[in-house]
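Understanding the architecture of this molecule
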Amino acid sequence: MCGIIGIISTNGNVSRMLRESLKRLEYRGYDSAGIATIANGIIFVKKDKGKIDEIHRMLNFDSLPGNIGIGHTRWATHGQPSRENAHPHLDCSGMIAVVHNGIIENYLELREELSKLGHTFRSETDTEVIPHLIEEFLKSNKSLEEAVRQALLKVKGSFAIAVISSKEPDKIICARKESPLLIGIGNSQMFCASDIPAILPYTRNIIVLDDMEMAVLTPNSVTIRRIDTGEIVNKDIIQVSWSPEEAEKGGFPHFMLKEIHEQPRAIRDTLRVDEKALEIFVQKILTADKIYFVAAGTSYHAALAAKYMLAKLAGLGSDAIIASEFEEQFPGDSSGDSVLIAISQSGETADTLVASRIAKNAGVCVLAIVNVVGSSLTRLADHVLYTRAGPEIGVAATKTFTTQLTLLSMIAAKAARENGMIDLDEYIRLNTELNEMPRKVRDVIERIEIKVKQLSKHLANCRNAFYLGRGISTATALEGALKMKEIAYIHAEGYPAGESKHGPIALVEPGFPCIFVAPPDSTYHSIIGNVTEMKARGAEIIVLTSKSCDDVIKNANTALILPEVHPILSPIPYIVPLQLLAYYTAVERGYDPDRPRNLAKSVTVQ
Ligand code: F6R
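To keep things clear, this report deals only with the structure shown in the data block. (Residues numbered from 1 in each chain as written. Predicted model: local features only at pLDDT ≥ 70, side-chain atom pairs only at ≥ 80, totals over all residues. Heavy atoms only, no water.)

On to the sheet that holds strand β14 (residues 238-239), then. Pairing is antiparallel across the open sheet formed by eight strands, whose spatial order is β3-β2-β4-β1-β10-β9-β11-β14. Sheet topology places β3 (42-49) and β14 at the edges, where each strand pairs with a single neighbour. Sheet strands in contact with helix α1 (residues 15-24) are β1 (3-9), β2 (32-39), β4 (68-74) and β10 (189-193), and its direction is about 155 degrees off that of β1. (Pairing = 2+ DSSP bridges. Helix = DSSP H or I, 4+ residues; strand = E, 2+ residues; numbered from the N terminus. Contact = heavy atoms within 4.5 Å. Axes fitted to C-alpha atoms, helices over the stretch in contact; angles between N-to-C directions.)

Once that is clear, we can look at the packing of aromatic side chains. The final tally for this structure, using the stated rule, is eight aromatic pairs. For the ring pair Tyr30 and Trp75, a centre distance of 5.5 Å and an interplane angle of 75 degrees mean the geometry is edge-to-face. Of this pair, Tyr30 sits in the loop between α1 and β2 while Trp75 sits in the loop between β4 and β5 (89-90), placing them 45 residues apart in sequence. Taking relative accessible area as the criterion, Tyr30 reaches 35% and is therefore assigned partly exposed. Connected via pairs of aromatic rings, a cluster forms that spans Tyr292, Phe326 and Phe330. A cation over a ring is seen here: Arg597 above Tyr489, with NZ or CZ 3.7 Å from the ring centre. (Phe/Tyr/Trp six-rings, centres within 6.5 Å; stacked < 30°, edge-to-face > 60°. Buried < 20%, exposed > 50% of the residue type's maximum accessible area, 1.4 Å probe, protein only. Lys NZ or Arg CZ within 6 Å of the ring centre and 35° of its normal.)

Counting residues in hydrophobic clusters, the biggest one holds 89 residues, and the most contacted among them are Ile291, Phe293, Ile369, Leu385, Leu408, Ile411 and Tyr467. Not counting residues within four places of it along the chain, the set of residues in contact with Phe293 comprises Ala303, Ala306, Lys307, Leu310, Ser318, Asp319, Ala320, Ile321, Ile341, Ile343 and Leu408. Listed in part, the 27 residues of the second largest apolar core include Phe121, Ala151, Ile173 and Met212. (Core = buried A, V, L, I, M, F, W, Y, C linked by side-chain atoms within 4.5 Å.)

Tallied over the entire structure, the rule returns zero disulfides. Between Cys192, a free cysteine, and Cys174, which holds the nearest cysteine sulfur, the sulfur-to-sulfur gap is 4.2 Å. You can call Cys192 buried: its relative accessible area is 0%. (Disulfide = S-S within 2.5 Å.)

Structural data, given as structure tokens:
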């Protein structure tokens, strides 16, 4: 997730406006930034790694000349944060500059093709193929607009881009597919931006581009076309009434709710996995003597789910160990063939770093699943796979959990296929279902949010709650309970449902909320017994299940119906109502879910 901005004006220099707009997009990424402008037929670029203010102090963005320019604030996906990898990227001639948010899936292929044609690349990014492709199409005397259109027809993946050229310095070309982009219509000024906050001080009149649309912006005009057919599209202008603060949260009252709603996009981006790195992970896992997962908090719950995934699907045993406990449980690596998979959103959690270092020093191969590119864990690990959730600002992890699960289920499915534990049909089914997951998660949010909000009004008055699941749903239950504890301050206990009768059931009295995670998998018949045990003691039964599961539905006071998915994928849609439940309960109790007491986003102490 990056932020892009483009401004063209008749009212003088735009560099300061570009910088200030980028600041308002910094929540979308902050590892590097850059601005390109055109003046006197020359493109000027200033860019570097670091936050916008830091780079501005060193380079002074405001000194860039010209009344047209583009800018970018980066959240790295391809290549470490560095000056070379920062946007804007230029073609060989230095006459075309491009900023991009998204992922170009076929960039390696295109890079090879373009290199053979004599193009020189200066960065490791996927984006850099775009200015070179445009340069290539311009050779056949096409207009800038047509060259951009042709270039975009060649790229696979997602993009929101803004392009300027010193050959046609009177326009910005912008386009989108799957990454957000809107146009702002000002007074003799035109804007394109990833999000509304960027342009709110200048205009409240916007046009939202749809997928596969591109636009040519001049200070006083906008022309929109379909990228595939070139046909002109007429679109309505919308008036935005949000305050700047509301706009930063995308109109949501809190970042946490915004991030819950972002999950379809985050999962879709994560599915665009680096296939080579995925294959390395799978090979290391398949040849390992011993497989350890280590992580903390929510990431540990993803690790626990992964342990079930590997066992059920690939027939592989593993250990999921809480990072701070690893040292005391690790027996060393006598065979020299162990693998440790460290999972962390931030890549900076001290406990996870220490565990990984201990393993590495003992000769274990360290694989990392991380959201923040360039973080400490990525530097320590032998190989890295990235979740592509984008920056998570709410302290409680939401979209980073479902994207971790997405990657872990891809690893388990590929390992199971390669060691022959599942046939091709099941592998195809898993991949198809994963590709449908963004839509399914969106449907869950749309269908269930109001019902969960009503339920939260009741839960807000409870002092305790049980979250119970069996098998892989134990991980979902633990994560649901953690969310409730950390932001609504209700004592919520996640437990394996089968184990609850060995002690915890003593707490149950009439009205005690028991939330059952009960998808229709191999544990379903056993969990019916656990539901009736709790019901017999007067518990209030809330079930998350699927529409075919009559036995639990009929015993429930409230049933939240979720889509039927492959059993190893159930934690992805099933956690979403529990995230929403914690969120609305916190709000109902008058707490700020974005700033839970005593907690920090990244825990860098042991
Ligand atoms: C819970 C939460 C924390 C983190 C934990 C690990 O909502 O956010 O429990 O999951 O501190 O953080 P990372 O994943 O950054 O290692």
